[in-house]
Amino acid sequence: MKTKLFILIAFILLSGLVFGQRGDSHTFNFKVKFDKSIPVEQLQIYYTEYSANRITSINYETNEENEIIFNGVNHSIAGAGNYFPTLIFSFKEDKLINGSNEKIETYRLFYLISETETYLKDDMDKEILFTNSNHPYFIKVDFKWENNKRVYKVAQVPLIQISPEILGVITANNTIIKINPDK
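This text gives an overview of the structure that appears in the document.

Reading the values: rules and limits
Residues numbered from 1 in each chain as written. Predicted model: local features only at pLDDT ≥ 70, side-chain atom pairs only at ≥ 80, totals over all residues. Heavy atoms only, no water. Helix = DSSP H or I, 4+ residues; strand = E, 2+ residues; numbered from the N terminus. Buried < 20%, exposed > 50% of the residue type's maximum accessible area, 1.4 Å probe, protein only. Areas by Shrake-Rupley, 256 points an atom, 1.4 Å probe, with all protein chains shown as cover. Pairing = 2+ DSSP bridges. Salt bridge = Lys/Arg side-chain N within 4 Å of Asp/Glu carboxyl O. Polar contact = N/O pair within 3.5 Å; in protein donor to acceptor, adjacent residues only side chain to side chain.

Counting secondary structure elements, the chain contains two helices and ten strands. Put simply, the chain runs from its N terminus to its C terminus through helices and strands in the order α-β-β-β-β-β-β-β-β-β-α-β. Counting only residues that meet the buried cut, the chain has 37% of its 183 residues in that class. Carbon together with sulfur atoms contributes 53% to the accessible area of the chain, which is approximately 11400 Å² in total.

Strand direction decides the pairing type here: strand E6 (residues 103-114) and strand E8 (residues 137-146), joined by five bridges, are parallel. Note on E8: the bridge partner recorded for Tyr 111 is Phe 138. As paired strands, E8 and strand E9 (residues 149-157) are joined by nine bridges and run antiparallel to one another. For Lys 144, the partnering residue across the bridge sits in E9 and is Val 151. The turn linking E8 back onto E9 is made up of two residues, and Asn 147 within it adopts a positive phi angle of 55°.

Bringing the pattern of salt bridges into the picture now. Any two side chains of opposite charge can pair, so long as their charged atoms come close to each other. According to the stated counting rule, one finds four salt bridges in the structure shown. For Glu 67, the salt bridge identified is with Lys 31, shortest N-O distance 4.0 Å. Of this pair, Glu 67 sits in strand E4 (residues 67-77) while Lys 31 sits in strand E1 (residues 23-34), placing them 36 residues apart in sequence. Glu 67 sits in the buried class, given a relative accessible area of 11%. Here the residues in one salt-bridge network are Glu 93, Lys 95 and Arg 108, joined through shared partners.

Moving on, we get to the side chain of Asn 63. Locating Asn 63 in the fold gives a position in the loop between strand E3 (53-62) and E4. Among the polar contacts listed, one links the side chain of Asn 63 to the side chain of Glu 67, at a separation of 2.8 Å.

Before going further, it helps to spend a moment on unusual backbone geometry. We note that Asn 66 has phi near 60°; this positive angle belongs to a residue other than glycine. Mapping Asn 66 onto the fold places it in the loop between E3 and E4. Residue Asn 147 is not a glycine yet carries a positive backbone phi of 55°. Topologically, Asn 147 is positioned in the loop between E8 and E9. You can call Asn 147 exposed: its relative accessible area is 78%.

The following block contains the structure:
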């Protein structure tokens, strides 16, 4: 009986090591810059809820260079699609309808999509810049390792060039979470 109990306990402990997933928390700090025609103080900022990589805390502040400086902590689960949650910036505008004097409230959306699990503090050395555009606006950030250092790539991409895997992350559920600025 003791042998069977020992085998059962050993199996339970071993299965936790073999079948378990590793989670990790990362401190992030990065800037997003906007064209002067898009005042950052007027933006509403959200992120997508994504259970495999969730933000545990996030704050931001703006500066005179029309930048938003983000910092916080996110938690990722190894092997479960390690993507930093997508950030969505919403810019409210009032536009005239079809040449009339009637204005309608519109929202222009800007998406920051990541193919990395986080932006490590003091590691992100590329500028992320959104400009005015009438087309859907996606900026994708990813990296590759070179000489034991992350080398980031930042590029504006059309929707058709976003991989189905990333689109699945963006649309995994219909919840977005609002981010409030530091007070």
